[in-house]
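Chain residues, written in single-letter form:
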Amino acid sequence: MITSLENDHIKVAIDTKGAQLSSFIDKATGIEHMWQADEKVWPWHAPNLFPIVGGLINNELLVNGEKYAMSRHGFARQSEFFLLESDEASASYSLPNCENTLKVYPFKFDFQILYHLIDNALRITYKVINLDKKSIYFSVGGHPAFNVPFNKGESYEDYYLEFETEEHFNTHLLSKDGFFNGVTHPVPTPNKKLYLTRDLFNDDALVFKDLKSRMITIKSDKHDQTLALEFPHFNYLGLWAKPGADFVCIEPWLGCADTEGKHIDIKEKEAIQKLSVGHVFESAYFICL
């Protein structure tokens, strides 16, 4: 089921399958900023990642010595969410634990995603409620894909990502299986700009673990149209596109993939989030015109 939200600046659409943002239209220009999930290229718009981010060695989650089968980025993006409530400018969705989730993730929870239009921005809030009698452990993140170029007749190479602050950028390299290999590599960003090229992601995503920047803006040398993603409380960031495709993903994460040779318990995973009994977790990011 699709729910539409709209204000004076933005019109968006959200699907209950994965509670996934499927459309983000700038009403002033008519530009559709979300990738439209071409099945032949990459069949997603903006999957929500929970209860893991990235891949697990052997596709197995380890919890207290027990192994649970789980594919890359977790099960939320494949799940049907409940629409809790909605109005013209907001909608909230819920994915509670059930018999099927307990088979692969032995924790009781309610994972909620809240969308709220605020002037020229969309706030996306991840909310995790601990319904268990013990602490629960999880990772969470976004994976929105944005159309590049914005307009017909433009080139992908006309665009760049502008970081909020000047800093030293290193990407943490991934193996062919999607696991960290312990190697880092500098990423040139003259004047805070990372220019988009067709071969930028030939070796998989660029992953940053120690960014000072908390906002990235998609810009072009040809015009002044922009789109920004602000992630004030997400400490990890992925940038990715399928090579040759007309989109770029800007991915705020609280969590990350396994490291080669380190198949460890969920409690020990890098960047894992711990939520105590009776507590609620919330963290938001923003897509801004």
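Preceding this section is the structure that the text describes.
Figured I'd write up the structure that's included with this text. Residue positions are given per chain, counted from 1 along the sequence in the order it is written. Thresholds applied to this predicted model are a pLDDT of at least 70 for local features of residues and 80 or more for the giving and counting of side-chain atom pairs; totals over whole chains, interfaces and linings are not thresholded and use all residues. Just so you know, side-chain values use all the structure's heavy atoms and leave hydrogens and water out.

Describing empty space enclosed by the protein
Step number 1: The distinction between a cavity and a pocket rests on a 1 Å grid over the protein atoms alone: a 1.4 Å probe fits inside a cavity but cannot get out, while a pocket stays open yet meets protein on both sides within 12 Å along at least five of seven lines, and a residue with an atom within 4 Å of a point counts as lining. Grid points are joined across faces, edges and corners, and a volume is the space filled by probe spheres set on the points. For the structure shown, the criterion picks out one cavity of 30 Å³ or more.
Step number 2: The volume enclosed by the largest cavity comes to roughly 30 Å³.
Step number 3: Considering the residues around the largest cavity, the lining is formed by Tyr156, Thr197, Arg198, Phe201, Ala241, Lys242, Pro243, Gly244 and Ala245.
Step number 4: Under the convention adopted here, Pro, Cys and the residues Ala, Val, Leu, Ile, Met, Phe, Trp and Tyr are nonpolar, Asp, Glu, Lys and Arg are charged, and Gly plus all remaining residues are polar. A breakdown of the residues in the lining of the largest cavity according to their chemical character gives five nonpolar, two polar and two charged.

Section: the layout of surface pockets
Step number 1: One number sums up the size of the largest pocket: a volume of about 330 Å³.
Step number 2: In terms of lining, the largest pocket is formed by 21 residues, of which the most central are Arg72, His73, His143, Asp204 and Ala205.
Step number 3: In this structure, the second largest pocket is lined by 16 residues; those nearest its centre are Thr171, His185, Leu200, Asp203 and Leu206.
Step number 4: Secondary structure elements follow DSSP: runs of H or I of four or more residues count as helices, runs of E of two or more count as strands, with numbering from the N terminus. Elements with a minimum of two residues in the lining of the second largest pocket: strand E16 (170–174) and strand E17 (180–186).
Step number 5: Tallying contributions element by element places E16 first for the lining of the second largest pocket, with three residues.
Step number 6: Here the residues of the lining of the second largest pocket are counted per class, giving 10 nonpolar, three polar and three charged.

Observations regarding the packing of aromatic side chains
Step number 1: Pairing of aromatic side chains here covers Phe, Tyr and the six-membered ring of Trp, requires ring centres within 6.5 Å, and sorts the geometry by plane angle: under 30 degrees stacked, over 60 edge-to-face, intermediate tilted. Within this structure, the stated rule accounts for 26 aromatic pairs.
Step number 2: Pairing Phe163 with Phe169 gives two aromatic rings, centres 4.4 Å apart and planes at 45°, and the pair type is tilted. Summarising the burial analysis for this pair, Phe163 and Phe169 share the class buried.
Step number 3: With a centroid separation of 6.1 Å and an interplanar angle of 85°, the aromatic rings of Phe163 and Phe208 are classed as edge-to-face. Taken together, the residues span a long stretch of sequence, with Phe163 in strand E15 (residues 159–163) and Phe208 in strand E19 (residues 206–208) at a distance of 45 residues. Only protein chains enter the accessibility calculation, which uses a 1.4 Å probe. A residue is then buried if its area is under 20% of the maximum for its type, exposed if over 50%, and partly exposed in between.

Some points on the sheet that holds strand E2 (residues 10–15)
Step number 1: As summarised here, the arrangement of the four strands in space is E1-E2-E3-E4, forming an open sheet in which the pairing is antiparallel. The open sheet has two edge strands, strand E1 (2–6) and strand E4 (31–32), and neither has a second partner.
Step number 2: The pairing criterion is simple: DSSP has to find at least two bridges between the two strands. Where E2 meets strand E3 (residues 20–26), six bridges bridge the pair, whose relative direction is antiparallel. When the sheet's bridge partners are listed, Asp15 is paired in E3 with Gln20.

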